[in-house]
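Coordinate inspection notes
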Amino acid sequence: MSLWTKRMSEVTFADIDAFCQAGYQEGPQLDYIRDFPTDLAKTAAALANTRGGLLLLGVEANATSNQPTWPCKGMPVAKGLSERIMQTCRDGIYPSLLPEISPVIGDPDNAGHVFIVVRIHESVYAPHSITNGTKVYVRTNDTNSPIEL
């Protein structure tokens, strides 16, 4: 079963491995993010404002092909990663989002590094804004683009 449809609570390292080896390119519904992003609210809101999609945290994309660089080393494990994602989507986006988040998945080949899959659904409450309701983003190809209201 694919990461697109699999229950987040059941996602394993083997699922991430198979997904990345399939070579899906970043695009309007997929973003690979090597380390925990400082602009998570912008990306999550942009996905919700467009068609929804997946964020694969711990996976780096090739700058030329936009495909995952695999095998990847994951991102350093840190306390409260899932909680930070949920808090960002709840407190940093208006109206707030409720993403689906996989468990924190350890890299069996690289101790101390992990992966997280985040699914953002297309929102019926769009547009979602960030920065106290002053900025709205949508996904254009593989980037987050600001829109004028």
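It should be noted that the structure appears before, not after, this text.
Here goes a summary of the coordinates provided. (Residues numbered from 1 in each chain as written. Predicted model: local features only at pLDDT ≥ 70, side-chain atom pairs only at ≥ 80, totals over all residues. Heavy atoms only, no water.)

A word on the side chain of Ser145. Counting through the fold element by element, Ser145 comes out in strand 9 (residues 143-147). Classification of Ser145 by relative accessible area gives buried; the value is 18%. One polar contact links Ser145 to Thr140, side chain to side chain, over a distance of 3.0 Å. Those residues in contact with Ser145 that lie beyond four places of it in its chain are Val136, Tyr137, Val138 and Thr140. (Helix = DSSP H or I, 4+ residues; strand = E, 2+ residues; numbered from the N terminus. Buried < 20%, exposed > 50% of the residue type's maximum accessible area, 1.4 Å probe, protein only. Polar contact = N/O pair within 3.5 Å; in protein donor to acceptor, adjacent residues only side chain to side chain. Contact = heavy atoms within 4.5 Å.)

Glancing now at the sheet that holds strand 8 (residues 135-140). Sheet architecture is open: three strands sit in the order 7-8-9, paired in antiparallel fashion. In this open sheet, the two strands that pair with only one neighbour each are strand 7 (129-130) and strand 9. Of the strand pairs in this sheet, strand 7 and strand 8 are connected by two bridges, and their pairing is antiparallel. When the bridges of strand 8 are listed, Ser129 appears paired with Val136. Lying over the sheet, helix 2 (residues 40-49) contacts strand 7, strand 8 and strand 9, oriented at roughly 65° with respect to strand 8. (Pairing = 2+ DSSP bridges. Axes fitted to C-alpha atoms, helices over the stretch in contact; angles between N-to-C directions.)

In an α-helix, one turn spans 3.6 residues; hence positions three or four apart end up facing the same way. Of the positions making up helix 3 (residues 81-91), those classed as buried are Leu81, Ile85 and Cys89. Seen from one end, helix 3 has its buried residues packed into an arc of 70°, which puts them on one side. Of the exposed residues in helix 3, those oriented more than 90 degrees away from the buried face are Glu83 and Asp91. On its buried face, helix 3 is in contact with helix 2, strand 2 (52-57), strand 3 (75-76), strand 4 (100-101) and strand 6 (113-121). (Arc of directions from axis to C-beta.)

A few words on the pattern of salt bridges. Throughout the structure, instances matching the rule amount to six salt bridges. Between Arg90 and Asp91 there is a salt bridge, with the nearest N and O atoms lying 3.0 Å from each other. Notably, a salt bridge pairs Arg119 with Glu100, separated by 3.2 Å at the nearest N-O pair. Remark: Glu100 occurs in strand 4 and Arg119 occurs in strand 6; sequence separation between them is 19 residues. (Salt bridge = Lys/Arg side-chain N within 4 Å of Asp/Glu carboxyl O.)

Purely spatial values, then, with no claim about function.
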